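Observations on the three-dimensional arrangement
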Amino acid sequence: MKVMIVEDEVLVRLGLKKAVPWSTLGMELVCEASDGSEAYEMFVRHLPDIVLVDIELPKMDGLRFIQFAKKHREDTKFIILTCQQDIKYARSAIQLQVTDFLLKSTLDMKELCDILQNISVELLLKRHAGSESGSTDADKAQRKKRFLQSWLDGVLPKSQPERSDVQLQEFASLLQAANYQAWVIQPERHVAARGIWPSSDADLEQLAIQHLGSRYIGAVEDAAKSKLHLIIAENPPASEAQRWKEAMQDKLGITITIAISSTFDDPYDWRVYALQAAELLQLDFYHHSGRIVRESDRLIRDTLTEPIQKMKKDIYERIGALQFADINPQFEALCKALIEPPFLHPHIVKNMMTEMLFRLWSACEEITTASISTNHQLVDRIYAASRLEELSELMLEEVHSAEKAVADCYAQDDKSKLILLIKQYIKSNMHREFSLQDIADTFHMNNSHLSRMFKEVTDSSFTDYVLYEKTEAAMALMKSGLPLTLISEKLGYQNLSSFTRMFKKVRGVSPSRYQE
């Protein structure tokens, strides 16, 4: 008998674990939980025979937990252990058909052991009666469903000579194939998470056996993630997999994608290979719904290719130069390269796009009005994007906003904002050595006019400001422990002596003094 304890007080859990002679009672304590939400997840995974549960739990109370748990396994026996003596709790427990309701304050361990023993005997008698009279097909289907769930979750016990397991005895033949494959099926993104698979398991079994024959072993639905897991024996021909896919699509009226793992010999590795197959479903990010993808194709990579690295660098340079209008064609070329196999893992793409966003915000942070919370919301939307097209639209929309903010500075002839933008440009391009003329050309201005305007707004000459900012950046890099030779390179100086002369001219001392 598999037993579960749900109790938020650590000492109570420890007391129950030590005081009850579980093995003597023919029981095994398979899991424990400290709150209702965790208890529900553990229950679905282990499907225990008996649960000891408190009423007052964090996140989800014990009575609600029992209500939800019964939807997954109706014949589990629940024993409530509580400090609550309110009659309303007892009534709710009766309505939920719990086996017993015990107060912690008067709990007697012998009484609890007797109750557990009686429950165990009752369950064993029911199982024996079922085997004697011949269980119905529906009962066997439910038992197989629980067996497959335990198998997929990785909690199926291995066969041992000294002990027997009812599940293993009944379904041992399923674990004796020469090799296996894990299939994970996912519907189109827009389909609702629940109620998408055939209305009865029999429908699914019939379709699978019709097209896959004896290779089909069973299926487990993951409703929360809108996926269906299949365990397949041997290695069905591609034609059989395609016919089954088409039959499923006709039955459901939707497009599905099937991801197939590599073959494996040990049946207890199903969970590992199911995760491997599920990873292939990331290809839906690139609009590849309705395909059969296999691990052997090795379509997903985790590193950027040299061409994509170059495109990324070019876009960064355009952002740093505030050339937002030039980013569109480069970004379109990048997205076109991303949809060519082998495909980058979507999370790598999202990381790259997020880095672009931060560079964009840094390049024009002085003139944009977006708040930090708004920026965080956009980052959340980036990581929640399910398609590359969606991600591309979000990015280009932000580029256009930055482009408009820069254009507004010119249109309004706002000297202060324009100088702020130039300052931000200088800070973003500390690695370059530029002149007043370079800045004037970048911002489409006359250099004399720029010089006068810069002096008017900042009360400092353009050259003095640039050199001061370079020394500020140098001191920050020195604090991080970077050698002076590398710092001079990062700030656009060809040699250390040139950098040292500049620093001493601005700060009055050599840079080495700041490292002491």
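Everything in this summary refers to the structure shown in the same document. (Residues numbered from 1 in each chain as written. Predicted model: local features only at pLDDT ≥ 70, side-chain atom pairs only at ≥ 80, totals over all residues. Heavy atoms only, no water.)

**Observations concerning the pattern of salt bridges**
Threshold: In what follows, salt bridge is the name for a side-chain nitrogen of Lys or Arg lying within 4 Å of a carboxyl oxygen of Asp or Glu. Counting from the N terminus, the helices are DSSP H or I runs at least four residues long and the strands are E runs at least two residues long. Buried means the residue's accessible area, taken with a 1.4 Å probe over protein chains only, is under 20% of the maximum for its type, while exposed means over 50%, and partly exposed covers the values in between.
The full count for this structure, using the stated rule, is eleven salt bridges. Across the pair lysine 59 and aspartate 35 runs a salt bridge whose closest N-O atoms are separated by 4.0 Å. Of this pair, lysine 59 sits in the loop between strand S3 (50-53) and helix H3 (62-69) while aspartate 35 sits in the loop between strand S2 (28-33) and helix H2 (36-46); the two residues are 24 residues apart in sequence, bridging distant segments of the chain. Owing to a relative accessible area of 71%, lysine 59 belongs among the exposed residues under this scheme. A salt bridge links glutamate 240 to arginine 215, with the nearest nitrogen and oxygen atoms 2.9 Å apart. Placement of glutamate 240 in helix H9 (residues 238-252) and of arginine 215 in the loop between helix H8 (201-212) and strand S7 (216-222) is noted, with a sequence separation of 25 residues between them.

**A short note on the packing of aromatic side chains**
In this description, an aromatic ring pair is defined by two values, namely the gap between the centres and the angle between the planes. Note the threshold: Classification of ring pairs rests on two measures: the distance between centres of Phe, Tyr or Trp rings, Trp counted by its six-membered ring, which must be within 6.5 Å, and the angle between planes, read as stacked under 30 degrees, edge-to-face over 60 and tilted in between. Only lysine NZ and arginine CZ atoms are considered, and such an atom sits over a ring when it is within 6 Å of the ring centre and within 35 degrees of the ring normal.
Under the criterion given, the structure shown has 18 aromatic pairs. An aromatic cluster is built from Phe147, Trp151, Phe171, Tyr180, Phe264, Trp270 and Tyr273, whose rings are joined through pairwise contacts. One residue, arginine 359, lies across the ring of tyrosine 316, its end atom 4.0 Å from the ring centre.

**Some words on a negative patch on the surface**
As a reminder of what qualifies: Only residues whose relative accessible area exceeds 30% and that take part in no salt bridge are eligible for patches, with like-charged residues grouped when within 9 Å of each other and nonpolar side chains (Val, Leu, Ile, Met, Phe, Trp, Tyr) grouped when within 5 Å. For the accessible areas, the method is Shrake-Rupley and the probe is 1.4 Å, while residue cover comes only from the protein chains on display. Positive: Lys, Arg. Negative: Asp, Glu. His and the chain ends are not part of the count. A charged residue contributes its charge at one atom only: NZ of Lys, CZ of Arg, CG of Asp or CD of Glu.
Taken together, the side chains of Asp8, Glu9, Glu56 and Asp61 define an acidic patch exposed on the protein surface. Assignment of secondary structure puts aspartate 61 in the loop between S3 and H3.

**A short note on the sheet that holds strand S9 (residues 256-260)**
Applied cut-off: Paired strands are those between which DSSP finds at least two bridges. Only the stretch in contact is used when a helix axis is fitted, and all axes are lines through C-alpha atoms; the angle between N-to-C directions ranges over 0 to 180 degrees. Contacts are assigned to residue pairs with any non-hydrogen atoms lying within 4.5 Å of each other.
Pairing within the open sheet is mixed, and its five strands lie in the order S7-S8-S6-S9-S10. Each of the sheet's edge strands pairs with one partner strand only, and the pair in question is S7 and strand S10 (292-294). Adjacent strand axes in the sheet meet at a mean angle of 20° when their direction is disregarded. Note: S7 against strand S8 (residues 227-233), six bridges, orientation antiparallel. The partner of aspartate 222 across the bridge, within S8, is lysine 227. Together, strand S6 (180-187), S8, S9 and S10 form the strand contacts of H9, whose direction differs from that of S9 by roughly 150°. The strands that helix H10 (residues 270-280) touches are S6, S7, S8, S9 and S10; relative to S6, the one it contacts most, it runs at about 40°.

**Examining the sheet that holds strand S5 (residues 100-103)**
Across a sheet, paired strands are connected by hydrogen bonds in the backbone, their directions being either parallel or antiparallel. Reading across from one edge, S2-S1-S3-S4-S5 is the order of the five strands in this open sheet, with parallel pairing throughout. Only two strands of the sheet have a single partner each, and these edge strands are S2 and S5. Each strand axis lies, on average, 20° off the axis of its neighbour in the sheet, ignoring direction. Pairing of strand S1 (residues 2-6) with S3 involves four bridges; the strand directions are parallel. By the bridge assignment, methionine 4 is partnered in S3 with valine 51.

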